[in-house]
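Close look at the chain arrangement
Below are the chains, spelled out letter by letter.
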Amino acid sequence: MNASEFKQRFLPLNARLYKAAYLLLGNEDDAKDLVQDAYLKLWDKRDSLNNIYNDQGYCMRVVRNMCLDRLRTAPPDIVDKPPEELPILSEDDTSSGIERNDTARLIKQCIARLPAQQQKVIRLRELGECTMQEIMEATGLSAENVRVLLSRARKALRNQLQTILST
C-alpha cells in the first residue's frame, strides 16, 4: 500500500479515532498522542492492511487496545484535577452559568465513582454521543453488555444525584 492509498483509506477516520481515544482516556493530549501512535502502527503494517474488510472497525480496535494498554500501565488518578487546572469563572458569568458548571462538575464526580467499564460506556454514549455500534467497537463489548452497563450506570448516577441533592 502506498502513501496516497493509506491517506485515502485511513486519514478520514481520524476524528472518530480521536473521539474514542479521548473518551476512553479522558485526556485531550493523551488521546492525540495515542491516535498518532496508532497511525504509526498502522503505517508499519500497511502491507497487510489490504486484507482488512472494515477499515473503521479495525482502526477502532487498534485504538481501543492501545487505550486499554495505556490505562493498565498508567498510575491511577487520585483526584480528578488539581485546583489550579479547574476553570475559573469570570465575573460576567450569570447565576445560571455558575449553576450549569456546578451541575456538570457534580455529574463528572458521580461518573468518576462508577466502575471503570460503566464510566467508559456512559462517557462514550452520553458525553461523546457515540452510537451503540461505535461503543461496541471501541470497547469490544457485545450489544447486550453495553446496554446492561449503560442501564446500571444511569441508575447509579440517578441514585448518587438524588442522595446528594436530598442532603
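Please refer to the structure placed before this passage.
To start, this report covers the structure provided alongside it. (Residues numbered from 1 in each chain as written. Predicted model: local features only at pLDDT ≥ 70, side-chain atom pairs only at ≥ 80, totals over all residues. Heavy atoms only, no water.)

**Comments concerning the environment of K108**
Structurally, K108 can be placed in helix 5 (residues 95-112). You can call K108 exposed: its relative accessible area is 54%. It is 10.0 Å that separates the C-alpha atoms of K108 and L157, two residues lying 49 residues apart in sequence. (Helix = DSSP H or I, 4+ residues; strand = E, 2+ residues; numbered from the N terminus. Buried < 20%, exposed > 50% of the residue type's maximum accessible area, 1.4 Å probe, protein only.)

**Some points on the packing of helix 2 (residues 14-25) against helix 4 (residues 55-73)**
In contact at an axis separation of 10 Å, helix 2 and helix 4 are set at 25 degrees when each is read in the N-to-C sense. What the angle tells us is that helix 2 and helix 4 run roughly parallel. For the element pair helix 2 and helix 4, the recorded crossing hand is right-handed. Between helix 2 and helix 4, the contacting residues are R16, L17, A20, A21, L24 and L25 on the first element and Q56, C59, M60, V63, R64, C67, R70 and L71 on the second. For the contact of helix 2 with helix 4, the per-class residue count stands at 10 nonpolar, 1 polar and 3 charged. (Axes fitted to C-alpha atoms, helices over the stretch in contact; angles between N-to-C directions. Parallel < 35°, antiparallel > 145°, perpendicular 65-115°, else oblique. Left-handed = near helix turned anticlockwise from the far one by under 90°. Contact = heavy atoms within 4.5 Å. Nonpolar A, V, L, I, M, F, W, Y, C, P; charged D, E, K, R; others polar.)

**Focus: the side chain of R64**
Relative to the assigned elements, R64 resides in helix 4. The charged side chain of R64 is buried without a salt bridge, its nearest counter-charge being D69 at 8.0 Å. R64 has contacts with L24, E137, A138, T139 and G140, leaving out every residue within four places of it along the chain. (Lys, Arg positive; Asp, Glu negative; His and termini not counted. Salt bridge = Lys/Arg side-chain N within 4 Å of Asp/Glu carboxyl O.)

**So, the packing of aromatic side chains**
Applying the stated criterion to the full structure yields 4 aromatic pairs. With a centroid separation of 6.5 Å and an interplanar angle of 75 degrees, the aromatic rings of F6 and Y39 are classed as edge-to-face. Linking F6 in helix 1 (residues 3-10) with Y39 in helix 3 (residues 28-44), this pair joins segments that are 33 residues apart in sequence. Y39 shares its class with F6; the two are buried. Measuring from centroid to centroid gives 6.0 Å for Y18 and Y22, while their planes differ by 25 degrees, and the two rings are stacked. One end of the pair, Y18, and the other, Y22, are both in helix 2, 4 residues apart, so they sit about a helical turn from each other. By way of ring pairs, the aromatic residues F6, F10, Y39 and W43 are connected into one cluster. Over the face of the ring belonging to W43 we find R46, whose NZ or CZ atom lies 4.0 Å from the ring centre. (Phe/Tyr/Trp six-rings, centres within 6.5 Å; stacked < 30°, edge-to-face > 60°. Lys NZ or Arg CZ within 6 Å of the ring centre and 35° of its normal.)

Bear in mind that shape data such as this cannot, by itself, settle questions of function.
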